[in-house]
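Close look at the chain arrangement
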Amino acid sequence: MPLTKFENARQALAPVSRQAAAEGIVLLRNIDNVLPLHKECKISLFGRCHVDTYRSGTGSGGAVNVPYSISALEGLRGHSSININEELVQVYHEWLAEHPFDDGGGGWAAEPWFQEEMPLTTLVVTTAKQCSDKALVFIGRTAGEDQDNAVQPGSYLLTDTEYDMLQKVCAQFDDVIVILNVSNIIDMSWADTITNKQSIKGILYSWAAGMEGGHALADVLSGDTSPSGKLTDTIAYQIEDYPTSANFGNRDRNFYQEDIYVGYRYFSTFKPHAVQYAFGEGLSYTQFERDLASLTQHGEGKNKALHFHIKVTNTGHVYSGKEVVQLYVEAPQGKLGKPTRALVGFNKTRTLAPGESELIRVTVPYALLASYDDSGVTGYKSCYVLEQGRYQFYLGDSVQAATPIEATLDLDNLLIQEQLTEAAAPITSFERIRPDQQIAQGIYSLTKENTAVRTVDMQERILSRLPESIELTGEQNIKLSDVKSGQATLVNFIAQLTPQQLATIVRGEGMCSPKVTPGTAAAFGGVSNDLFELGIPVAAAADGPSGIRMDSGHKATQVPIGTLLGCTWNTELNEHLFYLVGQELQSHQIDTLLGPGINIHRHPLNGRNFEYFSEDPMLTGAMAAAQVCGLKSAGVSGTIKHYAANDQETARFDVDSIMSERALREVHIKPFEMAVKLGGATTIMTSYNPINGHWGASNYDLNTTILRGEWGFEGIVMSDWWAKMNSPIEAGKEDKSFTSFMIRAQNDLYMVVENDGAERNAMNDDTLDALENHTLTLGELQRSAMNICRFVMNAPVMSRRLVPYEPIRSFDSAEHTESEPVVSINDSISLNCTSNTAISLEVKEDGIYQISATASYDRNSLAQSSCSLSINGEFSMSLPLNGTDGNIQTIEGLQVRLHKGHYQIQIEFVKPGLKLHQLAFTQSN
Ligand code: BGC
């Protein structure tokens, strides 16, 4: 049988996902070349995650229904040169049969961070030792949306059982390799303190590596692929040493007192000795040397750049491998103060055989050497400047190991890189840190200063820039395709839309809208008949970021988590991987992926760090641009999220991220800037949280002044799902219904209202009221409608056949087995179920029936759940439900045409959590 389109896409994606998973593995310790494993040596596997291998984190970013997933055990077993102690595997299997994987019921944010570990007896370990030479010890962790990690055993710390396992294994084996199958970095103090620590000869982070993870691990452990991943975060000895620890996790206000000194920028400037494993660290099976071959200047004005040519040589004798060239700068302290190291460029070699060299170019734009003056201390407020003095470059295989090279930029005078305007500054001042006196070479004492505050009058700014309203013309028979083909202008097209239609188009519908691919996160564009008649098709958006989430149960490829992909430091590979993800999206008729996630790893405990790349803005921006480019070349888009500063899950809906304009620009929105300017991003999702008092979706300066004004973004901005907004002028009270504030800020799309709820304003939003009260202008609403239509016009959906949404689906009756108990369609069907159920239904009369259900879900309103309903084995609809705090709600399903006879109804809890109370079929005619 020929493969379907999506089977083809999946087949192309799997090997590249495997390669990425292998390239993101970070080897931190390899004493006595304990790795790679050799055929003649037998290995014992400890820790349940060799069987229950995590492939992702939890929440929206992890919910891909995979066709298969290769565990570490399967990967290692499948490799011809890896020899496993199968007796020990058997011991684990027997124990696991009694202690199955605990998914916490499968519901939203319900899965525990860790799994109960098999307690080891000395006998088990000594028996294993008698027949094997080396031990692999697996430690597993997950994390995800709606819940941060904690400094607790089982989360950031090892549990007692895990510690005991390590101790017992280290007591018997001389060669122990610890494999961290985790979604975030964890405490590593045990590596230096545990009894018999000398036995731990190998440590590697294998992360959550998608469905090809087990194969990738075998590729690296066997030596087929030499590891080339590098840490994208700093691992400090103590969590208290992270500068963000004091403020992380607050519920109301989160002061970004660390300012621009996030991660290694802080540690290298103030506390290098607190670092256990440095940013950029990661070993190979071979060794490399790097030399600066030449440095040249290119471009003029704003576009000036330095080109470093660096010769990388594999100086080893046995293994081939890839190496990452990392280039850091130490900028002069000047008046602003700078971190003593900042990553300004990187690149990865191809696979180099022993003795082989490659000349690698690293381009460093002046823009990356510049700092933003948010207070005017340099005399150039709101400018990116390069202060006078020496810019010394460093090269090496981690931020700590990098050494100065014969390359400097010496400026006699301050250079203005870019003149901008003050935007999104904090409303009230607070203290931020900065370097004070140099106390040793490149190390500074720390002082504090007050941040500058907002001086802009938001009312004046917004009202003076209101767009002109377009005069309403009524229907002129202009279709969206006429605009696409150049026969009509977008302005004339939009002029046809009534205020009611304009208010409808800014509402997306979901989750699991029947108007688009089943189980996806949103439908947007032509969501009403009127809009559809104008030729606006319905586009589909799906999570993201590490594969396609379809809560209908449809299958897709899960690629590795963002952190792992960041650790590859390979932009070309990321671009190619996401080109293939893009093809899979095309095959499922999805127009945009809700990813990549590009918030900063501000603190190791953030539950969603796994979705994001790094603590470094430049590396994050480069990865984001690469993935967005890849998706674009497949014809779809990548929705970069969450703009901005959604870097903790605790109180993510409400906590105000209060930061200086400098930290905002240089750290937190820098990746978004790079994804827009270098990657050409056309879709962006705002964050749940407020930033300096204004909620993400109604933050005018972020969405208009900076994004469109400075960066030239021309696509659509969408809110996060069920987000809140407040006034872009006065800030103040927030609510989900304040869409007028959202539109004023130029967040174009509200995500999401319930299915079929856009036209009837199911969320009771205030768009039309605000138009009437003149607190929103027609021009502002039309501006967002244009942004949406411009996007849809260029999305794949525009090339698909324009098929009207068919609200009524027909089904034929099926054979009935006498033995099955039958319920009548005329009765209300009591189910009270939380797991998969089937019923046999008898229809007494031909007709159209409206399906509805009553359900409850004992979680908050951001928790997502859904079940799928199939009729006679054919998927018919999803019934999505958000947390209802336990209250019973009605979910309206679709209408179905049924004939007299029998039907099999199957209910599948694809995204568990909700409880289905009753199901009803009401005859509509
Ligand atoms: C998450 C987003 C996600 C959306 C749709 C929200 O809870 O924050 O990242 O894309 O749900 O699933």
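Model, not experiment: these values are computed from the prediction. (Residues numbered from 1 in each chain as written. Predicted model: local features only at pLDDT ≥ 70, side-chain atom pairs only at ≥ 80, totals over all residues. Heavy atoms only, no water.)

1. Considerations on the nonpolar core
One recurring pattern in soluble globular proteins: nonpolar side chains tend to sit buried together. To keep it simple, the criterion reads: Take the buried residues of types Ala, Val, Leu, Ile, Met, Phe, Trp, Tyr and Cys, join any two whose side-chain atoms come within 4.5 Å, and each joined set is a nonpolar core. Burial classification: accessible surface area is computed with a 1.4 Å probe over protein chains only, and a residue below 20% of its type maximum counts as buried, one above 50% as exposed, and the rest as partly exposed. Where helices and strands are cited, they refer to DSSP runs of H or I of at least four residues and of E of at least two residues respectively, numbered from the N terminus. Should any heavy atoms of two residues lie within 4.5 Å, those residues are counted as being in contact.
Of all hydrophobic cores here, the largest spans 155 residues; its most connected members are Phe46 and Tyr205. It is helix H16 (residues 617-633) that contributes the most residues to this core, seven residues altogether. What Tyr205 contacts, discounting residues up to four positions off in sequence, is Gly24, Ile25, Val26, Leu28, Leu180, Val182, Asn184, Ile185, Ile186, Met188 and Ile235.

2. A word on the sheet that holds strand E36 (residues 822-824)
Keep this limit in mind: Between any two strands, pairing holds if DSSP finds at least two bridges. Axis definition: a line fit to C-alpha positions, over the contact stretch in the case of helices; interaxial angles, taken between N-to-C directions, run 0 to 180 degrees.
One open sheet holds the five strands; their spatial order is E36-E38-E43-E40-E41, and the pairing between them is mixed. Two strands in the sheet have a free side with no partner beyond their single neighbour: E36 and strand E41 (874-882). Taken pair by pair, the neighbouring strands of this sheet meet at an average axis angle of 30°, ignoring direction. Direction of pairing for strand E40 (residues 864-871) relative to E41: antiparallel, over a ladder of eight bridges. Within E41, the position partnered with Ser865 by the bridge is Leu881.

3. Some words on the site of the ligand
The following threshold applies: Here a residue is considered near a molecule or strand provided that any single heavy atom belonging to it is located within 4 Å of it. In protein, a polar contact requires one atom able to donate a hydrogen and another able to accept it; more generally it is a pair of N or O atoms within 3.5 Å, and residues adjacent in sequence count only if both atoms are side-chain atoms. Asp, Glu, Lys and Arg are counted as charged, while Ala, Val, Leu, Ile, Met, Phe, Trp, Tyr, Cys and Pro are counted as nonpolar; the rest, among them Gly, fall into the polar class.
Near the ligand there are 14 residues, and of these Glu145, Asp543, Arg608, His642 and Asp720 occur at the shortest range. In this structure, an oxygen atom belonging to the ligand sits 2.5 Å away from a side-chain N or O atom of Glu145. Lys641 is positioned with one of its side-chain polar atoms (N or O) 3.0 Å from an oxygen atom of the ligand. Looking at the shell around the ligand residue by residue, the classes come out as four nonpolar, three polar and seven charged.

4. Some words on the UniProt feature "domain: Fibronectin type III-like" (unreviewed entry) in the chain
To keep it simple, the criterion reads: UniProt positions are given in the numbering used here, feature names are shortened, and annotations may be inferred rather than shown by experiment.
Summarizing the sequence annotation, UniProt attributes the feature "domain: Fibronectin type III-like" (unreviewed entry) to residues 323-399 in the numbering used throughout. Helix makes up 0% of residues 323-399 and strand 49%, whereas the separation of the span's terminal C-alpha atoms amounts to 15 Å.

5. Brief notes about the layout of surface pockets
Defined as follows: The pocket and cavity definitions rest on a 1 Å grid over protein atoms only: a 1.4 Å probe that fits but cannot leave marks a cavity, an open set with protein on both sides within 12 Å along at least five of seven lines marks a pocket, and residues lining either have an atom within 4 Å of a point. Grid points are joined across faces, edges and corners, and a volume is the space filled by probe spheres set on the points.
Empty space within the second largest pocket amounts to approximately 1100 Å³. In terms of lining residues, the second largest pocket is bounded by 38 residues, among which Thr363, Pro365, Met618, Met674 and Leu678 are the most central. Taken together, the elements giving at least two residues each to the lining of the second largest pocket come down to strand E13 (342-348), strand E14 (357-365), strand E19 (415-419), helix H15 (571-587), H16 and helix H18 (670-677). Ranked by the residues each element gives to the lining of the second largest pocket, the list is headed by E14, at six residues. Among the residues forming the lining of the second largest pocket, the class breakdown is 17 nonpolar, eight polar and 13 charged.

6. Re the packing of aromatic side chains
Note the threshold: Only Phe, Tyr and Trp rings take part, Trp by its six-membered ring, and two of them pair if their centres are within 6.5 Å. Stacked means planes under 30 degrees apart, edge-to-face means over 60, and tilted covers everything else.
On inspection of all chains with the given rule, the structure shows 20 aromatic pairs. With a centroid separation of 6.0 Å and an interplanar angle of 70°, the aromatic rings of Tyr54 and Phe101 are classed as edge-to-face. Remark: Phe101 occurs in the loop between helix H3 (86-98) and helix H4 (122-131) and Tyr54 occurs in the loop between strand E2 (42-46) and helix H2 (72-77); sequence separation between them is 47 residues. Among the residues examined, Phe101 registers a relative accessible area of 33% and is labelled partly exposed. Grouped by ring-pair contacts, the aromatic residues Tyr242, Tyr261, Tyr266, Phe267 and Phe270 constitute a single cluster.

7. A look at the packing of H15 against H16
Our working definition: By convention, the crossing between two helices is left-handed when the near helix turns anticlockwise from the far helix through less than a right angle, and right-handed when the turn is clockwise.
Put simply, H15 and H16 touch, their axes get as near as 7 Å, and they point 40° apart. Helix-helix and strand crossings are classified by hand; for H15 and H16 the assignment is right-handed. Contact with H15, carried on its side by Thr571, Asn574, Glu575, Phe578, Tyr579, Val581, Gly582 and Leu585, involves Ala622, Met623, Ala626, Gln627, Cys629, Gly630, Leu631 and Ser633 of H16 and no other residues of that element. Taken together, the residues of the contact of H15 with H16 break down into nine nonpolar, six polar and one charged.

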